[in-house]
There are 2 protein chains.
Amino acid sequence: MPILCVGSVALDSIETPFGKAERVLGGSAVYFSAAATLFNPVQVVGVVGDDYPFDDLRFLEQRGADLTGIEQKSGESFFWSGRYHFDLNTRDTLETRLGVFADFQPKIPESFRSARYVFLGNIDPALQHDVLDQVESPDVVACDTMNYWIEDSRELLLKLLKRVRVLIVNDEEVRQLAGEANLMKAARWVQAQGPEVVVVKKGEHGAILFADDWLFYVPGYPLEEVFDPTGAGDSFAGGFMGHLARARSLKAADFRRAMVYGSALGSFACEQFSVERLKELPESEVHARVEEFQRITAFEAHVPSGKHV
Amino acid sequence: MPILCVGSVALDSIETPFGKAERVLGGSAVYFSAAATLFNPVQVVGVVGDDYPFDDLRFLEQRGADLTGIEQKSGESFFWSGRYHFDLNTRDTLETRLGVFADFQPKIPESFRSARYVFLGNIDPALQHDVLDQVESPDVVACDTMNYWIEDSRELLLKLLKRVRVLIVNDEEVRQLAGEANLMKAARWVQAQGPEVVVVKKGEHGAILFADDWLFYVPGYPLEEVFDPTGAGDSFAGGFMGHLARARSLKAADFRRAMVYGSALGSFACEQFSVERLKELPESEVHARVEEFQRITAFEAHVPSGKHV
C-alpha cells in the first residue's frame, strides 16, 4: 500500500563544521522517500529542472519508489544553500533559488490517486489543497508546514487542517500556529482545528505525539557526531509514515512505534550529508537503533516497599 | 539512611505571568529537601539570617528532615528576586542579596558526618570541598554547580569532580564545563574527570543520565501550566537522590527509576510557587505520575514481519 508523497525535490549546497557538499540531493520529498522506502513503497510527486541529476534518485526506485510523478521541466531545479553554525542547532540560509519549483502545480498521476496514505511535504497550502482535491479518500493524510505559510496563508492552512489526520511540525511551528507558548496547549488547540494526531518535532530533544487522550514521547537519539541535520525532519516523517503504512494499522501501539522509527530515521539522516546515510542503510541497523531507543527509555515503575528505611 | 544536603536556604520573590510571590521559601537546600523527604530523611546544612521564617520549614521536620545543621546568624537571609518571561523558559534576575550566605562556612554536625549519601548544592566549590573534608566516606556524593563557578573556579571544580560520583547539572553547564557543544561528548569528557554518572537536566526537555556504558533518557513531564519553574532543578536532584537513598542500591535499574522520580518531582515543583506543591504532595500522586511517565514513553520494539506488503 504505497504512500503518496508530494514535496520539493531539490539540490542543496551545505556547509557544516565538518565539511562541504555541493549540489547534493535534497528537498522534503527526497528525504521523506529515502526514509520511508526502507519500509514501504512511495509514490513521489514533484518537479525538477533539466539540470537535475535524476539518475541519483534511482536508488529510490530500487527500494520501491515510483518516480513517474516527478515532472522534469526546462529550467533550473530548486536550489538551497546553507551554512550551519558550530553547535549545528542554528544555520544561515545563504541562497534560495526556487527555479521551476516556483510554478509547481502538483499533478497526481491517475495510478497514484487511490493512495491510502498521503504525505504533504512543506509546500504552499494552496497546493496541498490541490493535491487532496485530486486523491480519492485516503485513510491517513499527514502534512508538514512552516512559519512562512503560518504567517502568510493562515486561512488556507486552517482549512487544510480540517482535511488532515496527522500534522507533523516542529515546536516553534505549533506554538506559532496556535499563538500559545505552552506546547501541550498549543497541540490541543491544533487538534481542535481538525488533526486527530499532532506530532511535534523538537530536533535533538526528540518528538511528542499528541493523540485524543494520550501522548507519547520519543527522545532524539544521542549522537556523538551530528554531521549534517538537513532533512532530519522529513526523514522523521518518512520513518513515521513508512512504518505506519507498513503496519496497515492505526492502533496506539503502531503510532508509538512509528514515532520511534521516525526518530531513528531522523538521527540516521544527520550522520552524513544529504541522503547518503539513508541510501545504504540496512534494515538491521534501523531495528538495532529502535531497540536501543528502548534500552535508553525503559524503566520499571515498581518502587521498593518501605519508606524512610 | 539520611542524605546530607548542603546548599542555600533562601527567600525568593518571584513574578511569573500567573502572579507574584513575596519572600517565599527558596534555595537549593530547601527545594532539594522538600522533594527528597518524600522518600528519605535528609540532614540539612545551611545558613539563614534572623529574618528567616524558620517555622515555615517545620513541615520538612515532619517528613524526617533534620534541620539542626541550619545555622541562624544575625543579619539578612539570602534573598533572590526574579521575573519570568511569557514563555517561562527565560527569566531576569531583579535582585540578589547574599546576606549571611556571603560568609557561609558549612559546619557539618558530628551526627551528620557518617552520611552515606551527600548532595552538594550549587555553592562555591571551595565550600563543597570543605564539606567533603568533614564527612567520613560516603557511598554517593552528588553535586551541582553553575556557570559562575565553571568560569571563575575551574581548577577547584575540576578537583572536586574527582571526589564526586554523580554530577547533576544542566545542558549549558555541561557544555561549558567540557568546552564541547555536543552533549554526548561533553558528558563523556566530564566522566573522564571523575564522576561515574553525569546527569544532564534539560528543563522542559527532560534529562539524560550518562553512566559508564549506558545512558537513560527521561522526558520532562508535559505540563499544561508551568506556574513557576524556580527550584525545578533542585527538586529533580531531591527526587533523584531521595529515591536512590531509599532504594539502598545503585544498580542501573535504581538509577533509571531515580531519573523518573527526579523528573516527576521537578514537574511538581513547577505547579505552584515555592515549595507549596511539594509540601502537600501525597506519595500516591508521585507514584501515579511515575506510572504516567511509563505510559508516555513505553513502546514495543517488535515490528510486524513482511516488508513492502
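This text goes with the structure placed above it.
Residues numbered from 1 in each chain as written. Chains lettered and ligands numbered in written order. Predicted model: local features only at pLDDT ≥ 70, side-chain atom pairs only at ≥ 80, totals over all residues. Heavy atoms only, no water.

### Thoughts on the sheet that holds strand β12 (residues 207-210) of chain B
Residues and elements named next belong to chain B. The criterion, for reference: One bridge is not enough; two strands pair if DSSP finds at least two bridges between them. Each helix corresponds to a stretch of at least 4 residues labelled H or I by DSSP, and each strand to a stretch of at least 2 residues labelled E; elements are numbered beginning at the N terminus. Axis geometry follows a simple rule: fit a line to the C-alpha atoms, using only the stretch in contact for helices, then measure angles between N-to-C directions, giving values from 0 to 180 degrees. In what follows, residue pairs with any heavy atoms lying within 4.5 Å of each other are defined as contacts.
What the nine strands build is an open sheet, ordered β5-β4-β1-β8-β9-β10-β11-β12-β13; its pairing is mixed. The strands lining the two open edges of the sheet, one partner per strand, are β5 (65-72) and β13 (215-218). Neighbouring strand axes in the sheet, compared pairwise and without regard to direction, differ in orientation by 15° on average. Running over the sheet, helix α8 (residues 232-247) touches β1 (3-6), β8 (117-120), β9 (140-143), β10 (166-170), β11 (197-201) and β12 and is turned about 170° from β8.

### What about helix α1 (residues 28-36) of chain B?
Stated precisely, the cut-off is as follows: Exposure categories follow from relative accessible area, calculated using a 1.4 Å probe and restricted to protein chains: below 20% of the type maximum is buried, above 50% is exposed, and the middle band is partly exposed.
Summarising burial for α1 of chain B: nine of the nine residues are buried, a large majority. Three or more residues of α1 of chain B are buried, namely S28, A29, V30, Y31, F32, S33, A34, A35 and A36 of chain B.

### So, the interface of chain A and chain B
Interface size is commonly expressed as the accessible surface area that is lost when the partners come together. Condition: Here the quantity called buried area is the accessible surface, traced with a 1.4 Å probe, that two parts lose on coming together, added over both. A carboxyl oxygen of Asp or Glu within 4 Å of a side-chain nitrogen of Lys or Arg is what we treat as a salt bridge. Two N or O atoms form a polar contact when they lie within 3.5 Å of each other; inside protein one atom must be a possible hydrogen donor and the other a possible acceptor, and for residues adjacent in sequence the pair counts only when both atoms belong to side chains. Residues were grouped as follows: Ala, Val, Leu, Ile, Met, Phe, Trp, Tyr, Cys and Pro as nonpolar; Asp, Glu, Lys and Arg as charged; and all remaining residues, including Gly, as polar.
On the side of chain B, 55 residues touch chain A, which itself brings 54 residues to the contact. For the pairing of chain A and chain B, the buried interface totals around 4,800 Å² over both sides, and the portion due to carbon and sulfur atoms is 56%. In this assembly, chain A and chain B are joined by four salt bridges. Here R175 of chain A makes a salt bridge to E204 of chain B, at a shortest N to O gap of 3.4 Å. Across the contact surface, chain A and chain B share 23 residue pairs in polar contact (both at pLDDT 80 or more). Those elements giving two or more residues to the side of chain A that touches chain B turn out to be α7 (183-192), β13 (215-218), α8 (232-247), α9 (252-269) and α11 (283-297) of chain A. It is α11 of chain A that provides the largest number of residues to the side of chain A that touches chain B, a total of nine residues. Across the side of chain A that touches chain B, the residue classes tally to 25 nonpolar, eleven polar and 18 charged.

### Remarks on the pairing of strand β7 (residues 91-97) of chain B
Residues and elements named next belong to chain B. Bridging between strand β6 (residues 78-84) and β7 involves six bridges; their strand directions are antiparallel. Residue pairing for β7: G82 is matched across the bridge by T93. A loop of six residues connects β6 with β7, the two strands running antiparallel in sequence, and L88 in this loop sits at a positive phi of about 65°.

### With respect to the packing of α9 of chain A against α11 of chain A
All names here are of chain A. Selection rule: Two helices cross in a left-handed way if the nearer one is turned anticlockwise from the farther one by less than a right angle. They cross in a right-handed way if the turn is clockwise.
Interaxial distance between α9 and α11 falls to 9 Å at its minimum, and their mutual angle equals 115°. The way α9 lies across α11 gives a crossing that is right-handed. Within the contact between the two elements, α9 uses V260, Y261, S263, A264, L265, S267 and F268 and α11 uses E285, V286, H287, R289, V290 and F293. Here the contact of α9 with α11 is built from residues that sort into eight nonpolar, three polar and two charged.

### Thoughts on the packing of α8 of chain A against α9 of chain A
The relative placement of two packed helices comes down to the angle between their axes together with the axis-to-axis distance. All names here are of chain A. Where α8 meets α9, the closest approach of the two axes is 7 Å, and the angle between their N-to-C directions is 145°. Note on packing geometry: the crossing formed by α8 with α9 is right-handed. Residues A232, S235, F236, G239, F240, H243, L244, R246 and A247 of α8 form the contact with α9, whose participating residues are D254, F255, R257, A258, M259, Y261, G262, S263, L265, G266 and A269. Per-class residue counts for the contact of α8 with α9 are eleven nonpolar, six polar and three charged.

### Comments concerning the relation of the copies chain A and chain B
Between the two copies of the chain lies a relationship made up of a rotation around an axis and a movement along it. What counts, and what does not: Least-squares fitting of one copy onto the other uses the C-alpha atoms of those residues that reach a pLDDT of at least 70 in both copies.
Between chain A and chain B, which share one sequence, the superposing operator has a rotation angle of 180° and an axial displacement of 0.0 Å; the RMSD is 0.0 Å. The relationship between the two copies is best expressed as a two-fold rotation axis. Here 100% of the interface residues in chain A have copies in chain B that are interface residues too; the copies meet face to matching face.

### Some points on helix α3 (residues 125-134) of chain B
Residues and elements named next belong to chain B. Looking at α3, one finds that the buried residues are P125, L127, Q128, H129, V131 and L132. Lining the buried residues of α3 we find β1, β8, β9, α4 (147-152) and α5 (154-161). Two or three places before A126, at the opening of α3, D124 has a side-chain oxygen 2.8 Å from that residue's backbone nitrogen.

### Remarks on unusual backbone geometry
With a phi angle near 55°, S274 of chain A is a residue other than glycine that sits in the positive phi range. Relative to the helices and strands, S274 of chain A resides in the loop between α9 and α10 (276-279). Phi is positive for R23 of chain B, close to 50°, though the residue is something other than glycine. Examined against the element boundaries, R23 of chain B turns out to sit in strand β3 (residues 19-26).

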